[in-house]
Amino acid sequence: MSLDTQKSPQWWKKKDVKQTFIFWLIFTPLLGYISSTIQIRSIGAPASETMAGVINLIGLFTWVAAPVAALVGAMCLTTLLSKRHYGDNPPPEAENEIRNSPRTNAIWITVSSVLCLFALVTGLVVLQKDAEAITDSAAMDINVTGQQWAWNYDYPNGARTEVLYLPVNKPVVFHITSVDVKHSFWVVQMGIKMDANPGYVTETAVTPNKIGVFDIRCAELCGLLHAYMQNKVHVVSQADYDAWVSNRAKMEAAA
Amino acid sequence: MTTLTNRPTSAHKKALIEHLNIFTALALGAISAFVVWRLALQFLPQDAETSPFFNREDKITLLSMIAWFVGFMTGIGALIAPFRWVTGKDLSHEENMFYAGKDMGVKRYFRYTTDHKVVGIQYLVMTMFIFFIGGTLAMLIRTNLGHPEGGWIHPQAYNSIVGTHGIIMIVATIIMVTGPFGNFIMPIMIGARDMAFPRLNALSFWLIVAAAVPLLWGQFLGGISTGWTAYNPLASQAPLGMDGYIMFICIFAISTMVAGANITTTVIRMRAKGMTWNRTPIFIYGTVASVGLALPAFPVFFLSQIMSGMDRALGTGFYDAAHGGSGWLYENLFWIMGHPEVYVILIPAVAALMEMAPVFSRNPLFSFNVAVLGIAGISGLSVLVWAHHMYMAGWAPLLNAPFMLTTELISIPTGMLFLVLVGTLWRGRLWITVPLASIFALLWNFMIGGITGIYLSDVPADAFLHGSMYVTAHFHYTLMGAGLTGAIASLVYWFPKMTGRMLDKKLSWISFWMVQIGFNVAFIGMFIVGLAGQPRRVEGYSAIFSRGNLITTIGAYVIMAGMLILLHAVVSSWRNGVKAPMNPWQAKTLEWSVAYPIPLENFDVLPIVSSDAYGYGKAKS
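Residues numbered from 1 in each chain as written. Chains lettered and ligands numbered in written order. Predicted model: local features only at pLDDT ≥ 70, side-chain atom pairs only at ≥ 80, totals over all residues.

Scanning chain B for helices and strands turns up 22 helices and one strand. Computed over C-alpha atoms, the radius of gyration of chain B comes to 24 Å, within 12% of the 25 Å expected from 2.2 N^0.38 for 621 residues, which places it in the range of a compact globule. Expressed as lengths along the three principal axes of its C-alpha atoms, the size of chain B is roughly 75 × 60 × 40 Å. The burial tally for chain B puts 61% of its 621 residues in the buried class. (Helix = DSSP H or I, 4+ residues; strand = E, 2+ residues; numbered from the N terminus. Rg over C-alpha atoms; globule rule 2.2 N^0.38 Å. Buried ≥ 20, exposed ≤ 12 C-beta atoms within 10 Å, placed from the backbone.)

Below, the structure is given as C-alpha cells:
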C-alpha cells in the first residue's frame, strides 16, 4: 500500500513509507483495542445467544476496520510531520508530482472490495441463523401488542400481562402488532428488535439464556410519552415460569 | 453587507416589477392567507360525526398555507415573467437587466434577483440563519437531556423541537454547499456568464423563503411532534402543525427540483470552451452529483407529503391499514428520498475539500478518474439502498439481505474518496490553514461515521442498534462531522471571492478547534449511550445513561461557542476584514481569475481552457 513513482522502484525503502508503516503498526492495535473496549464496556453483558452474536460481530468489524483507519491515520500523520508551511503566502509547489498511481488504486479498490465482501458474508451467516429461529416449531409463541404507551403480552394459555415473563433457555417467537401508531419492540440485552405496525403482524425470535430482569424499550417515536414506553422482561427458570403462568391464567379467569 | 457596491437607483418611470420586493411579498402572502382562512372558515362544511380526525381544520390550515404561498410568490414577482411570456410580450432587455439587479446596490438582495452571485449570497445568509435556528433548537434538546429527570420542556414541545431541529438541519445541510457555493462559485468556475436559467435560480431561493413560513406557522399549531421523518400513522394523528411540515416539504421539494434542473443544465451546457469533462474541476462533479441525485429523490418526497396531507384533510387512507393503506408505503416513499438525500448533503462537501486539497498541499489532485468514479459510484448505489432504514420494520424480511449487499457496496466508492484525499496530501507541502485542517478533520470524522455505518448496515447488528442514540451519533458524524466541516472549509476558502475580504484567521482557527473538539466529545458520548441501549428521540432516560448524556451536553455547548465565534468572524470580517487579493490561495481554477467585485456577467471575454486546474508540481504544462 504505497504511493510509488516510476523513478524509484524501491518505494518501500523511502523514509516516509517506513515511517508510515511504523505508525500503522502502532495505530492498528491501539485503535482496535480502544474502540472494542469502549464498545464492549458500553454494551454490557448479553442475555441471549443472539446478543452474544451481535457483540462478536461488532468486535470483529472493529478489528477489521482498525487497520484501514490506522493506515489513513498513519499516512496523514506522516504527511503532516514532513513538510509544513505557515504564513499568508502559499509554499512552493511540490517537487515530485504524483498525479496517479494505477497500482495503488488497484490495491486500494481490491482490498476494500475484499473487506466489504467479508463484512457481507459474516453478516449473512448470522442473519440466516436469526431467520431460521423464527420458523422453529418447538418455540413458544407470545403475541406482543403495542399501544400508546405500553406493551401487552398474550401467552399461549390466554394470560395477558404488561410485564413479560419468559422461561430461560426456551426458544420464543414474538408476534408483534400495534393498535394505534408504529412502535418498535426492543429487548435490549437480547439484541432483538422489531417494529409493531398497526394492521400487520411481524415476527422476531430469541432464546433467552440468562436468568434475570432485562429492559424492553420502544425504539420508534410514538408520540407524547415515547420515552417512558418501557418495561421489564423477567427471565425465570422453567418451573417458576410454569407456576407463574398458571397462577396468572387463574387470576384472569377469576376476574 | 456595507462593502457591497451601493449605487443610487436611476430615476425613471416605475414599472410594476420595480415595486415588488420581500415586503410586498410578505404583505400579499399574509393578506391572501388571511382572506382564504376567513372564507374557508365561513364556507367549508362541518365534518361528519364519523370523521376520525379534525379534517375540517386541516383543510382550512392547508388552504390558508397554499394561499400564503401563492400570495408570497406573486408578491415577490415570480409570476411576472411567465405571465408576460404567456401573453406574448417577453421581457425587454432593460427589464432583464433590472431582474439581474444591475446598478441596484443592496436592494437587489431583497428582490427577485436573477444574478447568480446575488442568489449565492442570499443562500449563504439564509443557510447561516437556518443553522442558527437549528443550532438553538439543538441546544434546547441537549439542555433538556443534561439530566435524566431534567425534562423542563413539556414532552409535546420537546418532540416538536426534535422534529423541527431535524427537518431544518436537513434543509440547511442540503443547501449549505450547493446553495451558496454552487450558485456563486460554480458558474464562474466553469467559465459561464450566469446560470442556464437565471429566473429559475431566483425562484429556487425565494421558494425556500416562502416554505419557511408554514413551518414557523406550524410551531404555533401544535408543532411537528413526529420527528423529521413524520412517519404515518403518527403524522395523521399529530396536531395541525403537521400541515405546516407538509406544506414546507412540498415547497422545498419544488425548490430543490428547480435548482437541480438548473445546475445540471448549466454544467452540461455552459462550460467554457476547452473545458472537457477531464478538465472539469472535481467540485463541479460533486455539485452535479448532488443536485442530480435530488432530481429523482425529491419528487418522491413531494408525493409522499401530498398523500400525507390528503390522508389528513380529505380522509383518504394511503397510509392507514384500516382503509387498505399501509404505513410501510410511507416509509418506502420517505426513504427512497431519504437515502439519496444524505449523499446530496455529503458529496458536494467532500468534493469541495477535494478541490481544496491540491491548493493547500501544492500537489495535483491524486487520481482524478478514481475521484469521479467514487462520486459516480456513490450516486448510483445510493438510490438502491433505501430499505436499510427499514430492516426492523418487518416490511419484507427477505429483502434485508439484498439491501445489506447494496449498502455495504457503498463502502467501496467511499473508500475511493479517502484514497483521493490522502493521496493528494501525500508528500505535499502542507500549507497550514483552516481548509487544510478541515481535510484532516473530515478524514477523522468521516472515518468514524463510515465505519459505524458498516455496523448499522449489518442486519443482525442493526437489530440491536436501530432506533438508538447510536444511529443519531452515526449520522451526525457523517452529516455534521464530514458535511458541515466541508461547508465551513468552503466558506473560509471562497469567502475572499464572495465578499472581497479575508475571513479572520485567528477567529476561524479558534472556531475550528472548538467545533471539532466539542463535536467529537459530544458524539462519542452519544455513541456510548446508544450502545448501552438508550433509544433516540426520548425526552427522559434512565439514570444509567446520565454520564454519557452529560458528556454529550458539555460537548454540545463547546460546539455552540465555536459556532458563535465563527458567526462573529463572518460578520466582522464581512464588514471590515482585511481586503483580499484576487487569488489569495494561488489556486488554479477559473473563479480566481476574476477580481472582486465580479461584474454582472463575470467575464469580459469568456475564458478558453487548455488544461485541468491541478497542474501543481514541476510539470507546469
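What follows is about the environment of L77(A). Residues and elements named next belong to chain A. One can find L77 in helix α2 (residues 49-82). By the C-beta count within 10 Å, which is 17 here, L77 ends up partly exposed. Once the C-alpha coordinates of L77 and T135 are considered, the two residues, 58 residues apart in sequence, prove to be 52 Å apart.

Residue and element names in this part refer to chain A. If you trace the five strands from one edge of the open sheet to the other, you get β5-β11-β10-β7-β8, paired in mixed fashion. Edge strands, defined here as strands with exactly one partner in the open sheet, are β5 (164-167) and β8 (192-196). Between one strand axis and the next, the sheet turns by 25° as a mean value, whatever way the strands run. Relative to strand β11 (residues 230-236), β5 is paired through four bridges, and the arrangement is parallel. Looking across to β11, one finds that L164 is bridged to V233. Strands β5 and β11 of the sheet are contacted by helix α4 (residues 238-254), whose axis makes an angle of about 135° with β5. (Pairing = 2+ DSSP bridges. Axes fitted to C-alpha atoms, helices over the stretch in contact; angles between N-to-C directions. Contact = placed C-beta atoms within 7 Å.)

What follows concerns the sheet that holds strand β9 (residues 202-206) of chain A. Strand order in the open sheet formed by five strands is β4-β3-β2-β6-β9 (chain A), and the pairing between neighbours is mixed. At either end of the open sheet lies a strand with only one pairing partner, and these are β4 (160-161) and β9 of chain A.

Quoted interface sizes are often the accessible area lost when the parts come together. Residues and elements named next belong to chain A. With domains assigned, chain A is organised as domain 1 (11-83 + 103-134) and domain 2 (140-254). A C-alpha centroid distance of 36 Å is found between domain 1 and domain 2. In this assembly, ten residues from domain 1 lie in contact with 17 residues from domain 2. The set of elements that each furnish at least two residues to the side of domain 1 that touches domain 2 consists of α2 and α3 (102-134). In terms of residues, the side of domain 1 that touches domain 2 owes the most to one element, α2, which gives four residues. (Domains from an automatic or database assignment.)

Taken together, the contact pairs 75 residues of chain B with 77 residues of chain A. Here the element with the most residues in the side of chain B that touches chain A is helix α17 (residues 411-425) of chain B; it accounts for nine residues. Within the side of chain B that touches chain A, the residues separate by chemical class into 46 nonpolar, 21 polar and eight charged. Direction of pairing for strand β1 (residues 84-85) of chain A relative to strand β1 (residues 430-431) of chain B: parallel, over a ladder of two bridges. Note on β1(B): the bridge partner recorded for R84(A) is L430(B). (Nonpolar A, V, L, I, M, F, W, Y, C, P; charged D, E, K, R; others polar.)

When two helices pack together, their arrangement is given by the angle between the helix axes and by the axis-to-axis distance. Residue and element names in this part refer to chain B. Viewed as axis vectors pointing N to C, helix α14 (residues 327-361) and helix α20 (residues 469-499) meet at an angle of 45°, and their least axial separation amounts to 8 Å. With respect to α20, the axis of α14 lies oblique. The handedness of the crossing between α14 and α20 is left-handed. Here V342, I345, L346, A349, V350, A352, L353 and M356 of α14 come into contact with α20, specifically with T478, L479, A482, G483, G486, A487, A489, S490 and Y493. Here the residues of the contact of α14 with α20 sort into 13 nonpolar, four polar and no charged. (Parallel < 35°, antiparallel > 145°, perpendicular 65-115°, else oblique. Left-handed = near helix turned anticlockwise from the far one by under 90°.)

This part covers the confidence of the model for chain B. Confidence along chain B averages 91 in pLDDT terms, with 96% of residues attaining 70 or more. Low pLDDT, under 50, characterises residues 1-11 of chain B; the stretch is placed with 17 contacts to residues that sit more than four places away or in other chains. (pLDDT = per-residue confidence, 0-100.)

All names here are of chain B. With 35 residues, α14 should cover 51 Å at 1.5 Å per step; its first-to-last C-alpha distance of 51 Å lies within 8% of that length. The principal kink in α14, of about 25°, is found at W335. Among the 35 residues of α14, 32 are classified as buried, and the element is accordingly described as predominantly covered. R362 lies just past α14 and shows a positive phi near 50°. (Expected span 1.5 Å × (residues − 1). Bend = angle between axes of the 7 residues up to and from the residue.)

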